[in-house]
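Chain residues, written in single-letter form:
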Amino acid sequence: MSDIALSAAMTLARSRHRRLLWLGVAVLVLAGAGVLSVSLGTRDVDWRDIVAGATGTTDTLARAVVAVRVPRTVMAALAGAALGLAGAVMQGVTRNPLADPGILGVNAGAAMAVVIGMAWFGMATLTGYIWAAIAGAALTAAFVYAIGSVGRGGATPLKLALAGTATMVATSSFTTAIILPRNDIAGGVQAWQVGGVGGASFDVIAPCLPFLAVGAALSLMSARSLNLLALGDDAAAALGARVAWARAGAALGAVLLCGAATAACGPLIFVGLVVPHLCRLLVGADYRWLLPFSALLGAALLIGTDVLARLLARPSELDVGIVTAFVGAPVFIWIVRQRRVREL
Amino acid sequence: MPMQPLTVETLSAGYGQAAILRGLNLTVPTGRITAIVGANACGKSTLLRCMSRLLKPEQGQVLLDGRAIHRTPPRELARRLGLLPQTPLAPGGITVADLVSHGRHPHKGLLARWSAEDDRAVARALTATRTDTLADRDLDALSGGQRQRVWIAMALAQETDVLLLDEPTTYLDINHQIEVLDLLVDLNRDRQTTIVMVLHDLNLAARYADTLVAMKNGAIHAAGPPQEVLTEATVEQAFGLPCRIIPDPTSGKPMVLPLGRHNTTESSAA
Ligand SMILES: Nc1ncnc2c1ncn2[C@@H]1O[C@H](COP(=O)(O)OP(=O)(O)O)[C@@H](O)[C@H]1O
Ligand SMILES: [Mg+2]
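Residue positions are counted from 1 within each chain, in the order its sequence is given. Each chain is given a letter, starting from A, and each ligand a number, starting from 1, according to the order in which they appear as written. Restriction of local features to residues with pLDDT of at least 70 applies here, the model being predicted, together with a cutoff of 80 or more for giving and counting side-chain atom pairs; totals for whole chains, interfaces and linings are based on all residues. To get the side-chain values, take all heavy atoms of the structure and skip hydrogens and water.

- Looking up chain A in an unreviewed UniProt entry gives the name Iron ABC transporter permease, with the organism given as Arenibacterium halophilum.
- In its Subcellular location (unreviewed entry) section, the UniProt record describing chain A reads: "Cell membrane".
- UniProt positions are given in the numbering used here, feature names are shortened, and annotations may be inferred rather than shown by experiment. Regarding chain A, the UniProt comment filed under Sequence similarities (unreviewed entry) reads as follows: "Belongs to the binding-protein-dependent transport system permease family. FecCD subfamily."

Written as structure tokens, this is what we have:
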């Protein structure tokens, strides 16, 4: 008996150790990506300038470059972490391996709300964008969930994906219809819609922080409920979960994260889809590990793609949104071919 | 664990407009094994879902220890009463030990850490179901019978006085069916767990249950010891199936021999 208690405890401990190892690797990857992001670009700089630039001195050109790249890197890290985390939460809430702020139409809804704000209400501040984006994301999520729940068996993964995709197409067309006749805002909207962190400064980052913090807290607190929801609603309820509340709390967290990230960088795709699957291959299905991992690797991925975006088109730059789509698609195809991610 | 039996009082429930259960009454004997049988879609799963707080009754109530379960907080109820649904979902890539440890959820507060007692409860569940040697295997890699034992281990780690199981043997080979049912009897004998299970096989239900409940159209058609419930008349009425009943030579319990239109010396139209 005690032998077996020991061996079961050892099994659980072994997987804890393996995950801690990967946690170390993920932190290193993120740190490496951060250093590359500050030093590489249209103009490369060396470490002395990095230290000086990061502490605020801008007396050489290199240091001035660093002073611009630091907030840009921070923005990419925050948006990447937010989308990675939101994607993992949405996959858990909907039990849908294809759930992603993009596929469920949440980012498109957020973007539509921002564009409506720009076009009809002359909205031009980031705080305005954030509130509009969060409202749009929340309404779309509620709408998609409501149509996805109609009929027998409640909100099944398939019905949700269909409802989400239909909604995404509808909101995107509507957004286009709003912009088309409006030459005055088309340029600004277009740059924002592609998704970019190029113009980031601490003035852009600061207003997003409270939303990201609350969203992250809600999401991380849902880890245990998401573990139970993964067993099916009946099994989760039988283990003492309040299924509807658990879903609503986690979804609210994801909506805050998506709204703030979309308002700051435009609708980025694939980060929320690819990152959680990659993390599942590394640390398994336990959301207590999966959520923080998705945030870490989401940050690393978006920083990495932003660096790539700068290097690919030297001496000019690409928008990070374009590169995430190109990098994300093949990675995603590779991931769905792995057996372990077929079901959640 | 002295407690009043689990009772269902004039329970009506359904999904939206469709009424499935109509004024159903049932008393589940404490510390015994109860098997529920009935034709497809007669409401067996719906009854179990009401008895475990998953579905809210439209009328009537379910009492555990004299207290209405729909007014008991879910986590508190989950420490007393467990349910293994008909088709629980297995998250891809989960190990047996991780899955079984989910059974400890109702015993842990919001911020409580994993304890030595949790480790012991998981170990007891693994031993009882003889899945301890599978602890670090992937659930996906197991056979159907092994997987069902793991699900039962998860329910055991919950350490409840009452365990409800919805068709725990469906889709299993006959040897695995017997293995699962024997395991439930062990559990009942060793821990005095009250067991309520939905079974399809009438003969196995008669052999393994202390009490047999036959349902028909959302109501209890007959309930009592298998010898009294499993009669030619009940089977004919509840399942629309003519049959002969003989004593099972291995257990003395009633055994159903169905009469079809072919391959019997008696006519089913009798
Ligand atoms: N989620 C649901 N929504 C609507 N109807 C349902 C649902 N679940 C079951 N039903 C219906 O309720 C009836 C009883 O189902 P159930 O209790 O699962 O029967 P059993 O378990 O005895 O086969 C069936 O007619 C079934 O179609
Ligand atoms: Mg059923």
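After that view, the rundown keeps rolling.
**Topic: unusual backbone geometry**
Residue and element names in this part refer to chain B.
Step number 1: Even without glycine at this site, arginine 53 takes up a positive phi of about 75 degrees.
Step number 2: Here a strand is any run of E in DSSP of at least two residues, a helix any run of H or I of at least four, and the numbering for each starts at the N terminus. Checked against the element boundaries, arginine 53 lands in the loop between helix 1 (44–51) and strand 4 (59–64).
Step number 3: The cut-offs for exposure are 20% and 50% of the maximum accessible area for each residue type, with area from a 1.4 Å probe on protein chains only; residues under the lower value are buried, those over the upper are exposed, and the others partly exposed. Given the relative accessible area of 26%, arginine 53 is considered partly exposed.

**Re the pattern of salt bridges**
Step number 1: The rule for a salt bridge is simple: a side-chain nitrogen of Lys or Arg has to be within 4 Å of a carboxyl oxygen of Asp or Glu. Inspection of every chain in the model, using the stated rule, returns 20 salt bridges over all chains.
Step number 2: Notably, a salt bridge pairs aspartate 98 of chain B with arginine 19 of chain A, separated by 3.3 Å at the nearest N-O pair. Within this pair, whereas aspartate 98 of chain B is found in helix 3 (residues 96–101), its partner arginine 19 of chain A is found in helix 1 (residues 2–39), the two belonging to separate chains. Side by side, aspartate 98 of chain B and arginine 19 of chain A carry an identical accessibility label, which is buried.
Step number 3: Glutamate 179 of chain B serves as the salt-bridge partner of arginine 130 of chain B, at 3.8 Å between the closest nitrogen and oxygen.

**Observations concerning the layout of surface pockets**
Step number 1: Cavity: a set of points on a 1 Å grid over the protein atoms alone where a 1.4 Å probe fits but cannot get out. Pocket: an open set with protein on both sides within 12 Å along at least five of seven lines, its lining residues, like those of a cavity, having an atom within 4 Å of a point. Grid points are joined across faces, edges and corners, and a volume is the space filled by probe spheres set on the points. What the second largest pocket holds in volume is close to 1300 Å³.
Step number 2: Lining of the second largest pocket is provided by 42 residues; of these, Ala223, Arg224, Asn227 and Arg288 of chain A together with Leu110 of chain B occupy positions nearest its centre.

**Notes on the interface of chain A and chain B**
Step number 1: Listed by partner, the interface residues are 29 residues for chain A and 42 residues for chain B.
Step number 2: When two components associate, each loses some accessible surface as probed by a 1.4 Å sphere; the sum of these losses over both components is called the buried area. Taken together, both faces of the contact between chain A and chain B bury some 3000 Å²; the carbon and sulfur share is 61%.
Step number 3: Our count for the chain A to chain B interface comes out at 2 salt bridges.
Step number 4: Of all the secondary-structure elements, those providing two or more residues to the side of chain A that touches chain B are helix 1, helix 9 (223–229) and helix 10 (233–238) of chain A.
Step number 5: With 8 residues, the top contributor of residues to the side of chain A that touches chain B is helix 1 of chain A.
Step number 6: Per-class residue counts for the side of chain A that touches chain B are 16 nonpolar, 4 polar and 9 charged. Here a residue-residue contact requires only that any non-hydrogen atoms of the pair lie within 4.5 Å. Ten residues, namely Ala, Val, Leu, Ile, Met, Phe, Trp, Tyr, Cys and Pro, are considered nonpolar, four, namely Asp, Glu, Lys and Arg, are considered charged, and the remaining ones, Gly among them, are considered polar.

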